[in-house]
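If you want the building blocks of each chain, they are given just below.
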2 protein chains.
Amino acid sequence: MCNNGVVPTESSRVRSMNETRDRILDVALDVLGENPDAGMGDIASAAGVVRRTVYGHFPSRLDLVRTLTERAVTEMTAVLTEVNASDAEADAAWAEFIARLWPVAHRYRVLLALRRGEYGEAIHGLLGPVDELLADLVKRGQDTDVFAQHLSAGILSQVAYGVVFAIADSDLSNGTLGARAATITSLLMLGVPETRAIALVGDQP
Amino acid sequence: MCNNGVVPTESSRVRSMNETRDRILDVALDVLGENPDAGMGDIASAAGVVRRTVYGHFPSRLDLVRTLTERAVTEMTAVLTEVNASDAEADAAWAEFIARLWPVAHRYRVLLALRRGEYGEAIHGLLGPVDELLADLVKRGQDTDVFAQHLSAGILSQVAYGVVFAIADSDLSNGTLGARAATITSLLMLGVPETRAIALVGDQP
DNA sequence: TCTCCGTTGCACACCAGTGTGCAATCTACT
DNA sequence: AGTAGATTGCACACTGGTGTGCAACGGAGA
């Protein structure tokens, strides 16, 4: 009884439990990424676990998706706030943002497809803060005449990172090739001249 | 028996039948556009018809979606071949293409969502010719140094008209505002300078 | 008037996924 | 050894969509 606390990881029990829980979440991203309509059974099998066990960790399918979304929001806001805090030019900040966001966006690309139909509302709600931060960055770029103004900051930011997700969803998406392509393409559509865009990604490979 | 032919519209019978058939197709685009997972029942109700009747025209859900896709392919290839035949600069051709494609893309935007999951393969196969024509146009632009080359013509064309569909799918999509936004944005991401892009859409409102 | 034939309304079987219940099993901790 | 707890394997009920069968209705055409 050297341990009067309640949750000092309790050594192994809860740790292995958390491992399976995390494994389910990780594998759910992959499975749902390939087929957003995959069932709990598919996810369970892919995680090397029985369907019943998944329900032990997540009472319903919605809980699983929500947890996934919360995870994504946490990671993305972390990157975004950090980049947003820097005093670099908006286009440079955007380039750095995409470069660092890329692995995250690629992992959670399924949320794009999941946004419509059934869980769309829940996901949309959770993604709200991310959308705001994104719009702030774009607005800063527009105010300093770095970004084009043919669209409002709200719409433009949505479309711009929609493209990032679209490329992340594309066939040849992993590797740094996708990151470069996504950064350049999004910069271009934000109105940054091609030479400048290429120079920016050169800085941040 | 003044009529020895086989299909002189047979006056009314088959005509009213074709009307309901077309109405089902039209309404299916709307319903599926709002919710790609809508069932045959929803489509039937929206068309003012019983579910059983829909199955009378389309033996299975796949048949309905396939017919819808074939329709889209027909309309899109018509526009694309016409634009592709012109000897204008590639960026001007693209601008005209988007302007004329816009209503079509907006109507069939649901196919974007339907491309993944269940019918994805069938749709993808039917859309093949469109993809080729699109890639040809982009490649022409790249060869004449009008479009950027940070991505291959195949990928770039996909991403570019993916954006068009994304904007068509956006909330404020109908009206000419969406068409302008889609044209400018796609031109920008193709590497066309902002001033040139705006001039191009000015020519074709 | 009588006959097609599209349409309707209802029936059914089928399937796939969801979520729950419960006894059995295995394992880490005491 | 004993126990708590996660996991398993199987059961079940429920839902919702699909596709089919069939008798009945109703209007246009012979």
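Remember, it's a predicted structure, so these values are computed and weren't measured experimentally. (Residues numbered from 1 in each chain as written. Chains lettered and ligands numbered in written order. Predicted model: local features only at pLDDT ≥ 70, side-chain atom pairs only at ≥ 80, totals over all residues.)

Observations regarding the overall build of chain A
Turning to step 1, where the next piece is worked out: Scanning chain A from N- to C-terminus turns up 10 helices and zero strands.
Turning to step 2, where the next piece is worked out: By its C-alpha atoms, chain A is 60 × 45 × 30 Å across when sized along the principal axes.
Turning to step 3, where the next piece is worked out: The 205 residues of chain A split such that 39% are buried.
Turning to step 4, where the next piece is worked out: Counting contacts in chain A only where the partners sit at least 6 residues apart, residues at least 24 apart contribute 60% of the total. (Helix = DSSP H or I, 4+ residues; strand = E, 2+ residues; numbered from the N terminus. Buried ≥ 20, exposed ≤ 12 C-beta atoms within 10 Å, placed from the backbone. Contact = placed C-beta atoms within 7 Å.)

A closer look at the nonpolar core
Turning to step 1, where the next piece is worked out: Val163 of chain A together with Val163 of chain B are the most contacted members of the largest nonpolar core, which totals 124 residues.
Turning to step 2, where the next piece is worked out: The contacts of Val163 of chain A, once residues within four sequence positions are left out, are Thr185, Ser186 and Met189 of chain A together with Val159 and Val163 of chain B. (Core = buried A, V, L, I, M, F, W, Y, C linked by C-beta atoms within 7 Å.)

A word on the relation of the copies chain A and chain B
Turning to step 1, where the next piece is worked out: Mapping chain A onto chain B leaves a residual RMSD of 0.1 Å; the transformation is a rotation of 180° accompanied by 0.1 Å of translation along its axis. The transformation just described matches what one would write down for a two-fold rotation axis. Residue Met189 of chain A of chain A places its C-alpha closer to the rotation axis than any other residue of that unit, at 2.2 Å.
Turning to step 2, where the next piece is worked out: Here 100% of the interface residues in chain A have copies in chain B that are interface residues too; the copies meet face to matching face. (Least-squares fit on C-alpha atoms with pLDDT ≥ 70 in both.)

Digging into the packing of helix 5 (residues 90-107) of chain A against helix 7 (residues 120-143) of chain A
Residues and elements named next belong to chain A.
Turning to step 1, where the next piece is worked out: Where helix 5 meets helix 7, the axes come as close as 9 Å, and the angle between the chain directions of the two elements is 150°. Between helix 5 and helix 7, the crossing angle belongs to the class labelled roughly antiparallel. In this structure, helix 5 uses Ala90, Asp91, Ala93, Trp94 and Phe97 to contact helix 7, whose residues at the interface are Leu137, Arg140 and Gly141. (Axes fitted to C-alpha atoms, helices over the stretch in contact; angles between N-to-C directions. Parallel < 35°, antiparallel > 145°, perpendicular 65-115°, else oblique.)

Regarding the environment of Thr183 of chain B
All names here are of chain B.
Turning to step 1, where the next piece is worked out: The topology assignment puts Thr183 in helix 10 (residues 176-189).
Turning to step 2, where the next piece is worked out: Look at Thr183 and you get buried, because 26 C-beta atoms sit within 10 Å.
Turning to step 3, where the next piece is worked out: Sequence separation between Thr183 and Ala199 is 16 residues, and the spatial gap between their C-alpha atoms is 11 Å.
Turning to step 4, where the next piece is worked out: Ignoring sequence-local partners within four residues, the contact set of Thr183 consists of Ala95, Ile98, Ala99 and Val201.

Points about the interface of chain A and chain B
Turning to step 1, where the next piece is worked out: Residue-level contacts link 24 residues of chain A with 24 residues of chain B.
Turning to step 2, where the next piece is worked out: Where the side of chain A that touches chain B is concerned, the elements lending two or more residues are helix 8 (153-169) and helix 9 (176-189) of chain A.
Turning to step 3, where the next piece is worked out: It is helix 8 of chain A that provides the largest number of residues to the side of chain A that touches chain B, a total of six residues.
Turning to step 4, where the next piece is worked out: When its residues are assigned to classes, the side of chain A that touches chain B shows 14 nonpolar, seven polar and three charged. (Nonpolar A, V, L, I, M, F, W, Y, C, P; charged D, E, K, R; others polar.)

Quick look at helix 8 of chain A
In an α-helix there are 3.6 residues to a turn, and that puts residues three or four apart on one side.
Turning to step 1, where the next piece is worked out: An ideal rise of 1.5 Å per residue puts 24 Å on 17 residues; helix 8 of chain A measures up with 24 Å between its terminal C-alpha atoms.
Turning to step 2, where the next piece is worked out: Counted residue by residue, helix 8 of chain A has 12 buried out of 17 residues, so it is predominantly covered.
Turning to step 3, where the next piece is worked out: Along its buried surface, helix 8 of chain A packs onto helix 5, helix 6 (110-114), helix 7 and helix 9 of chain A together with helix 9 (153-169) and helix 10 of chain B. (Expected span 1.5 Å × (residues − 1).)

Points about helix 5 of chain A
Turning to step 1, where the next piece is worked out: For helix 5 of chain A, built from 18 residues, the straight-helix expectation of 26 Å at 1.5 Å per residue is met to within 8% by its first-to-last C-alpha distance of 25 Å.
Turning to step 2, where the next piece is worked out: Within helix 5 of chain A, 13 of the 18 residues are buried, which leaves it mostly tucked inside the rest of the structure.

Quick look at the packing of helix 5 (residues 90-107) of chain B against helix 8 (residues 128-143) of chain B
Residues and elements named next belong to chain B.
Turning to step 1, where the next piece is worked out: Where helix 5 meets helix 8, the axes come as close as 9 Å, and the angle between the chain directions of the two elements is 150°. Judged on the interaxial angle alone, helix 8 and helix 5 are roughly antiparallel. Contact residues: Ala90, Asp91, Ala93, Trp94 and Phe97 in helix 5; Leu137, Arg140 and Gly141 in helix 8.
Turning to step 2, where the next piece is worked out: Here the contact of helix 5 with helix 8 is composed, by residue class, of five nonpolar, one polar and two charged.

Re the confidence of the model for chain A
Reading predicted coordinates in detail is not appropriate for stretches of low pLDDT.
Turning to step 1, where the next piece is worked out: Overall, the prediction assigns chain A a mean pLDDT of 87, with 90% of residues at 70 or greater.
Turning to step 2, where the next piece is worked out: Note on residues 1-8 of chain A: pLDDT under 50 across the span, and one contact to partners over four residues away in sequence or across chains. (pLDDT = per-residue confidence, 0-100.)

A few points about the environment of Val79 of chain B
Turning to step 1, where the next piece is worked out: Counting through the fold element by element, Val79 of chain B comes out in helix 4 (residues 61-85).
Turning to step 2, where the next piece is worked out: Separated by 27 residues in the primary sequence, Val79 of chain B and His106 of chain B place their C-alpha atoms 14 Å from one another.

Quick word on the environment of Lys139 of chain A
All names here are of chain A.
Turning to step 1, where the next piece is worked out: The topology assignment puts Lys139 in helix 7.
Turning to step 2, where the next piece is worked out: Take Lys139: there are 17 C-beta atoms within 10 Å of it, and that puts it in the partly exposed class.
Turning to step 3, where the next piece is worked out: On a C-alpha basis, the gap between Lys139 and Thr81 in space is 15 Å, while along the polypeptide they are 58 residues apart.

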